Amino acid sequence: MVEETTVREPKILIFACRWCGLIGADGAGKKRMSLPANFRIIPVECAAFVETDAIIRALASGSDGVIVMGCHVGGCRFNDANHAAIKRLELFQVLLEATAIGKERLLISFGTAHEGHQFSDVIQNYTTVLRELPPIDPWISTLSVRR
Amino acid sequence: MTDVRVYLCRCFSEVDRTVDLERIQERLLQNASVASSTIVDSLCLDSDIQRVAAEIKESGAERVVIAACSTMGRGDSVIEGLAEEGVDRFAIHLIDIREGCAWIHQDEPEGATFKAWNLIDMGVSLVAKKDRSDDVTIRVRPEVLIIGAGPAGLAAAVMVAKLGYTVHCLDRAAHPGGMLRFISRSYPNDEDAVLKLAPYLDEIHNNARIAFYPQARVETVTGFAGNFTVRFSSGGQERWIRPGAIIIATGAMVYLPHGLYRYGETQNIITQMELERRLQSESDSIQNAVFVQCVGARIPERPYCSTICCPASIKNAMRIVEKNPDARVSIVHRDIMMPGSILEDYYRRAMLQGVQFVRYRDDMLPAIKGYEQVRAVEVHDSITGTTRVLDADLVVLSTPLVPNPDNRYLADMLGLQCDRYGFFREIYPLHPLETRMEGIFICGSARWPVSSDQAIVQGEAAAMKVISLLGKGEVAASSFSRVPGQKFGHATVNPDRCTGCGNCVAVCPFDACTLQEIEEKYTYISRVNKMRCKACGNCVAVCLNGAMQVPEHNYRAVVEMIKRAF
Amino acid sequence: MNSKRHNDTSALIVGGGVAGIVAALDLAETGRDVYLVEQGACLGGQVARLDKLYPTDHCAFCPLWTDIKKVQRHPKITVYCRSTVQAIAKEEGGYRALIGEKPNSIDEGLCVFCGRCREACPEDAVRPVGEHVYPPSYLIDPDTCTRCEDCITVCPTGAIDLDRSAVEISLLISEVIWATGFGEVDLSPLPEFGVGSHPDIMTSLEFEEWTAEAGLNRGKIVQKSTGEVPRAIAFIQCAGARDMRMLPYCSSVCCMHAIKQAQWVKRRNPEIACYIFYTDLRTVGRDYYEYSLRELRDSPIMLVRGRPGLIHPLPSTDAIAVKYENTETQKREIARFDMVVLNGNLRPSAVRTADGGHSIPSCSKEGFVDVKTDKISRFACGFTLEPADVAESSIQASSVAARVSIERKVKNRTHD
């Protein structure tokens, strides 16, 4: 790690598909919008790629929240692969809620962040939401699958 | 330990005015995977590409991480440029520290530097841990299967054959021609349908490249784009062919409005198709005709407009008036669907010829007067606000085209989708004749109701799409991409971990996974068809055992990235 | 003038919108060399400038940009932007086409989009080429530029050359495909529309730009005059179209376009009353009628059959009066709206160039390419041939590409 710099809380890990998600992030960049430096983007081909285990690991490794950004329903280039993804993620939110981790830890953003200003709004709003939450219970790391 | 070479692009201080690249470089030296790191002014100019490519090749680095602008900025052209200079595309990874970091965190240089360092660290671990997917190349078979020999199928067949490929054209009827055989004239040019079909039928029978199979039915289809295997029967005989592409041109059927407007109960209430047959015989002279539009169409059970009914009615109305200038013809409608220049002109001509247009509302339907024989049509004219009684010795019901009930059976067999009515679905908007399955195309009324002219244009267009595939001769699985350029990779199964649960088979949007029986182990293992797989990752996410991975983005890489994110 | 000379036998496609892009890719994928000439600064045409598409509600640029990228990368396609066809003359083996390329003082191959030129320019003459153009670059508006050269001083790659002059390109081609799409007609001659009398009376393309997510207002619906959310918007169909005074034909795409715009207004602000004044609501096409039935947020779009006879600013208010007869109730009304969107004034933008006195391609009175007249006008697709939407234009483009390919095969055989 570079020095003892700490990231301004809360930390957000974003899995963004290279279409709607990254286009919004790129748009924010081109317009030089000012955003907090508390998020990191992992680009994926399609939001369907995102495994629930990766989300758990992210939450267990220090992220306060995870956003999965994908294309709007009906807009997925991979023959609507994002349909299955949305169902999976929404079900996973139920699980997060049931295990007291809280469904707010996962934000599902499909088709709501494709313009620069929309991407910026999603980050700002989610940062505010996460700030209100208590820290994650450390037992979450026991939920990860060993590979 | 992999040798990773890192390039940090300042982009002429666009990056390093916010992100401290030198501090990052210091830290990179401590990363065991990184063999070297260089800060450059730019990477995207032509001179840079050549220089960097030469450096990479000389250094023998196995992997390269480029921290620069985003792929949508100039990043893509950097990768393309390096690939053209001979650097292995697989070895390069691009990290966005400009649009994604320096430009949006200008107020927070400390945070931005830390973030850029994290992102580069993540990139280095991804590129160190990524594996390469196998690629496979197949020969594209230079033959086409066309299911359906109506105007769309015939136009496609003739175009493909003229462009040099073998065509197998199937139709379930005994003769080619489809619905066009039963129509007297086609709109908007009043062409005799028989004469219109003639050159196509001529080509079907005389062109050595086209084989026509009447009374045919498709039994099974397996394979993938470039190499399908199709079993079908024709006239009772079993056959099989191996086309490289398939065009579906199965057309549609006319809806028979039983139960509506006394059809089948009162005499002289007929459908448009029945009128066509009457007009073909040329004997009749009709005195008072009323056309009723939208019968069974644009209603809750069938909320679509069937495109051809308004023009067809106008065409036939004008024909009746031509044959009998004293005839009184009315078209009772809800909207006159004649968009464009040619059709609008056609509509105007009909009005000038004396065809009457009466508009009704969908909440006040016209009523038939007369029991044994039709006498008149009573309609509430919504423009004048009065109820009118139109004398009629013939009532023509304009009904929509409905999909062939076989479409769903064909769709299941081929892995296609139908919409809720049963028409085949396309890829909207710029690929209206392509389907979710590579190598399978749709045209004509099987896709959506169209006129014979439009069907012919669609058949030609589908032929062009087919030729683009067949003309390649050989295709690599990595070229069947949904993005411009190369495919990311293919999903790969680890046979030691796969338990044959079938989750991947169920979830794959490209039907690329199948379960193969392993007899010795009394189990099944998943098998991925590389030509079909587009690496969307759905199968990876639902695999219970971690057996399914996309090597370029495998789980170990993801775990390392997550660890280094903050 | 500099001259670039090429000596291939290739296809020339005039127009880089949807139709041109599809035709270019189809031909290039079969190995033909293609020249794609586009008058604007970037590819994509009118559709790329829209906000959303019907009936899928996709963002307009997104489905296009992958195909645009394919065109840009394709080894067989040469793209000339900011270019127009100046002349086409018959020559041995085909035609000689003269293309005039207007310069962009900023070399797009060297621009890294740092934006320093824009910051430095005192006249605001530097603008991005487009909102969703990849790779992004800037262009200098020659009319506003005062040649102070501040931009040149700050440009890190030396991309700017204010003396860059127009280029004349001479191409030997064998076929031409006309795909020049459409443009708008000025509605001022038709007094009932009140064009110019109120800032909130605008055409549908202007409304699209004004309310676009990627535009100035970031998707918010506000009046131009007051900046406030309108209470009611009127969409007037057949403005200028199906009208013997101006455009006798039906522009075919406007009914669906209005429905789409009204639905997006409802989606964003369900409280805004939306009225569509139509003659025939032409929803012919895949899923179009079903799309028109959708009621978003239980707040219906009012469909009124009638052509307003007068659209006029209301005195002493910011609102606009629309006087119309509802032909289905036979009642005459004057209603008050805050914004009026005029739909219908689309006309084909066929290229008019000189070829020994004739204009090419041959066009009908309304301006559509007349493919039956002569060889040079034979291949046309998209709106320039006949009013067509995106799906129709793509289909026509592929069909024309097929016929061009047959043409080439025939020619090759006669040469053997």
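Nothing here was measured: the structure is a model prediction, and the numbers come from that model. All residue numbers refer to positions counted from 1 along the written sequence of the respective chain. Labels are handed out in written order, letters beginning with A for the chains and numbers beginning with 1 for the ligands. Per-residue local features of the predicted model are confined to residues with pLDDT of at least 70, and side-chain atom pairs are confined, for both listing and counting, to 80 or more; whole-chain, interface and lining totals are unaffected and use all residues. The basis for every side-chain value is the complete set of non-hydrogen atoms in the structure, without hydrogens or water.

1. Things to note about the interface of chain A and chain B
For step 1, the next point in the chain: Contacts are assigned to residue pairs with any non-hydrogen atoms lying within 4.5 Å of each other. Listed as interface residues are 52 residues of chain A and, on the opposing side, 48 residues of chain B.
For step 2, the next point in the chain: Once two parts are put together, the accessible area they lose, assessed with a 1.4 Å probe and summed over both, is termed the buried area. Between chain A and chain B, roughly 4,500 Å² of surface is buried when both sides are summed, and carbon and sulfur atoms account for 63% of that area.
For step 3, the next point in the chain: By definition, a salt bridge exists where a carboxyl oxygen of Asp or Glu is found within 4 Å of a side-chain nitrogen of Lys or Arg. At the surface where chain A touches chain B, the tally comes to 1 salt bridge.
For step 4, the next point in the chain: Any pair of nitrogen or oxygen atoms within 3.5 Å is treated as a polar contact; in protein, a donor-acceptor pairing is required on top of that, and neighbouring residues in sequence qualify only through side-chain atoms on both sides. Linking chain A with chain B are 14 residue pairs in polar contact (both at pLDDT 80 or more).
For step 5, the next point in the chain: The secondary structure listing takes helices from DSSP runs of H or I that are at least 4 residues long and strands from runs of E that are at least 2 residues long, numbered from the N terminus. For the side of chain A that touches chain B, the element with the most residues is helix α1 (residues 20-30) of chain A, which contributes 7 residues.

2. Considering helix α9 (residues 309-323) of chain B
For step 1, the next point in the chain: Multiplying one less than the number of residues by 1.5 Å gives the expected span of a helix. For α9(B), spanning 15 residues, the distance from its first C-alpha to its last is 21 Å, which sits close to the expected 21 Å at 1.5 Å a residue.
For step 2, the next point in the chain: Taken across its 15 residues, α9(B) has 13 buried, putting it largely inside the fold. Accessible area is worked out with a 1.4 Å probe on protein chains only. A residue is then buried under 20% of its type maximum, exposed over 50%, and partly exposed in between.

3. Brief notes about the packing of aromatic side chains
For step 1, the next point in the chain: For Phe, Tyr and Trp, rings pair up if their centres lie within 6.5 Å, where Trp contributes its six-membered ring, and each pair is then called stacked (planes under 30 degrees apart), edge-to-face (over 60) or tilted (otherwise). By the definition in use, this model includes 22 aromatic pairs over all chains.
For step 2, the next point in the chain: The interplanar angle of 85° and the centroid separation of 5.5 Å between the aromatic rings of Tyr304(B) and Phe423(B) together place this pair among those described as edge-to-face. With Tyr304(B) in the loop between β17 (288-292) and α9 and Phe423(B) in the loop between α11 (407-414) and β25 (440-442), this residue pair connects regions lying 119 residues apart in the sequence. Here the two residues Tyr304(B) and Phe423(B) agree in accessibility, since each one is buried.
For step 3, the next point in the chain: Consider the rings of Tyr35(C) and Tyr80(C), whose centres lie 6.3 Å apart with planes at 25°: the pair is stacked. Of this pair, Tyr35(C) sits in strand β2 (residues 34-37) while Tyr80(C) is found in strand β3 (residues 77-80), placing the two residues 45 residues apart along the sequence.
For step 4, the next point in the chain: Exposure remark for Tyr80(C): the relative accessible area of 5% places this residue in the buried category.

4. Concerning the interface of chain B and chain C
Quoted interface sizes are often the accessible area lost when the parts come together.
For step 1, the next point in the chain: If you look at the interface, chain B gives 70 residues, while chain C gives 74 residues.
For step 2, the next point in the chain: Buried surface at the junction of chain B and chain C, both sides included, amounts to about 5,900 Å², of which 57% is carbon and sulfur.
For step 3, the next point in the chain: The interface formed by chain B and chain C contains 16 salt bridges.
For step 4, the next point in the chain: For the interface between chain B and chain C, the tally reads 39 residue pairs in polar contact (both at pLDDT 80 or more).
For step 5, the next point in the chain: Listing elements by their share of the side of chain B that touches chain C, those giving two or more residues are α3 (71-84), α6 (151-162), α10 (341-352) and α12 (452-470) of chain B.
For step 6, the next point in the chain: Among the elements that take part in the side of chain B that touches chain C, α12(B) stands out by supplying 9 residues, more than any other.
For step 7, the next point in the chain: In terms of residue class, the side of chain B that touches chain C is built from 32 nonpolar, 16 polar and 22 charged. Asp, Glu, Lys and Arg are counted as charged, while Ala, Val, Leu, Ile, Met, Phe, Trp, Tyr, Cys and Pro are counted as nonpolar; the rest, among them Gly, fall into the polar class.

5. Brief notes about the sheet that holds strand β13 (residues 237-241) of chain B
All names here are of chain B.
For step 1, the next point in the chain: If DSSP finds at least two bridges between two strands, the strands pair. Here we have 3 strands laid out as an open sheet, ordered β11-β12-β13, and antiparallel in their pairing. Of all the strands in the sheet, the pair left with one neighbour each is β11 (216-224) and β13. Looking at each pair of strands side by side, their axes are set apart by 15° on average, direction ignored.
For step 2, the next point in the chain: Here strand β12 (residues 227-234) pairs with β13 via 5 bridges, running antiparallel. For serine 234, the partnering residue across the bridge sits in β13 and is glutamine 237. Lines fitted to the C-alpha atoms define the axes, with helices restricted to the stretch that makes contact. Angles between their N-to-C directions range from 0 to 180 degrees.

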